[in-house]
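Next come the chains, spelled out residue by residue.
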Amino acid sequence: QRDGELPNELPGIKALLEGKEMRNDFFAYFDKATSRRTANTQVVYRRAQALIKKYDKHAAFDKIDKDWLYGFDEFLSKTMVLNTRSIIMRTLRAVFNDALDDEVTTNYPFRKFKIKEEPTKKRSLSLESLRVLRDYPVEEYQRRYRDLFILMVLMRGINIGDLCLLQEGNIINGRIEYIRQKTHKVYSIKLEPEIGRAHV
């Protein structure tokens, strides 16, 4: 072995030690799983991890079972509605899925635990209400925000983040075409005259 060189087997030993560390430290692996997500999703993962630590600072892959999940859900229910708890639980499940893929654990408690959620109540404005809002004599400083909202409605409820990313190249053959950042679904919206008249 020449000076300054590492033995060939050391990278494998390093990986083995890191894997052992992850198996022994649930939260270290949670950090690793979080780092793989987009910036916005990382916020959700960090919140989920903080709540898990608050519930059980000694949480471990081998310790989390069906009863643990029911207890954690009950803990969350004291401050959260069902659908918010569902987001936290799905985040934890995603971490377990990653851990299974990385062979960090063989435990998967979600086989016997159903994540519950309820349909979101429909929240929409009537056409007449939208017309009233569109024509309402708002203050000058409010006009831009009102027009931005109307533009988003005209564009089939486009997300504000996706709207801000649109460029001239997204206009193709009289349509606005873009890929939603969150779902990667392709949208194609006809460029109606009302969209062009939006003073945003």
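Residues numbered from 1 in each chain as written. Predicted model: local features only at pLDDT ≥ 70, side-chain atom pairs only at ≥ 80, totals over all residues. Heavy atoms only, no water.

**Here's the deal with the environment of Tyr141**
Tracing the backbone through its elements, the reader meets Tyr141 in helix H7 (residues 140-154). In this structure the side chain of Tyr141 is engaged in a polar contact, spanning 3.4 Å, whose partner is the side chain of Gln142. (Helix = DSSP H or I, 4+ residues; strand = E, 2+ residues; numbered from the N terminus. Polar contact = N/O pair within 3.5 Å; in protein donor to acceptor, adjacent residues only side chain to side chain.)

**Side note on the packing of helix H6 (residues 127-135) against H7**
Where H6 meets H7, the closest approach of the two axes is 9 Å, and the angle between their N-to-C directions is 145 degrees. Between H6 and H7 the crossing geometry is left-handed. Seen from H6, the contacting residues are Leu130, Leu133, Arg134 and Asp135; seen from H7, they are Arg146, Phe149, Ile150 and Val153. Looking at side-chain class alone, the contact of H6 with H7 contains five nonpolar, no polar and three charged residues. (Axes fitted to C-alpha atoms, helices over the stretch in contact; angles between N-to-C directions. Left-handed = near helix turned anticlockwise from the far one by under 90°. Contact = heavy atoms within 4.5 Å. Nonpolar A, V, L, I, M, F, W, Y, C, P; charged D, E, K, R; others polar.)

**A look at the packing of aromatic side chains**
This structure, assessed with the given rule, holds 17 aromatic pairs. An angle of 75 degrees between the planes, with centres 5.0 Å apart, marks the rings of Phe26 and Phe61 as edge-to-face. With Phe26 in helix H2 (residues 26-35) and Phe61 in the loop between helix H3 (39-55) and helix H4 (66-77), the pair connects residues that are 35 residues apart, well separated along the chain. The same class applies to Phe26 and to Phe61, which are both buried. Plain terms: the ring middles of Tyr55 and Trp68 are 5.2 Å apart, the flat faces sit at 80 degrees to each other, and that makes the pair edge-to-face. On the criterion of sequence distance, the pair formed by Tyr55 in helix H3 and Trp68 in helix H4 is long-range, its members being 13 residues apart. Residue Tyr55 is classed as partly exposed on the basis of its relative accessible area of 29%. Judged by its relative accessible area of 7%, Trp68 falls in the buried class. An aromatic cluster is defined as three or more aromatic residues linked by ring pairs; in this entry it consists of Phe26, Phe27, Tyr29, Phe30, Tyr45, Phe61, Tyr70, Phe96, Tyr108, Phe110 and Phe113. Looking at Lys53, its charged tip hangs above the ring of Phe27, at a distance of 5.1 Å from the centre. (Phe/Tyr/Trp six-rings, centres within 6.5 Å; stacked < 30°, edge-to-face > 60°. Buried < 20%, exposed > 50% of the residue type's maximum accessible area, 1.4 Å probe, protein only. Lys NZ or Arg CZ within 6 Å of the ring centre and 35° of its normal.)

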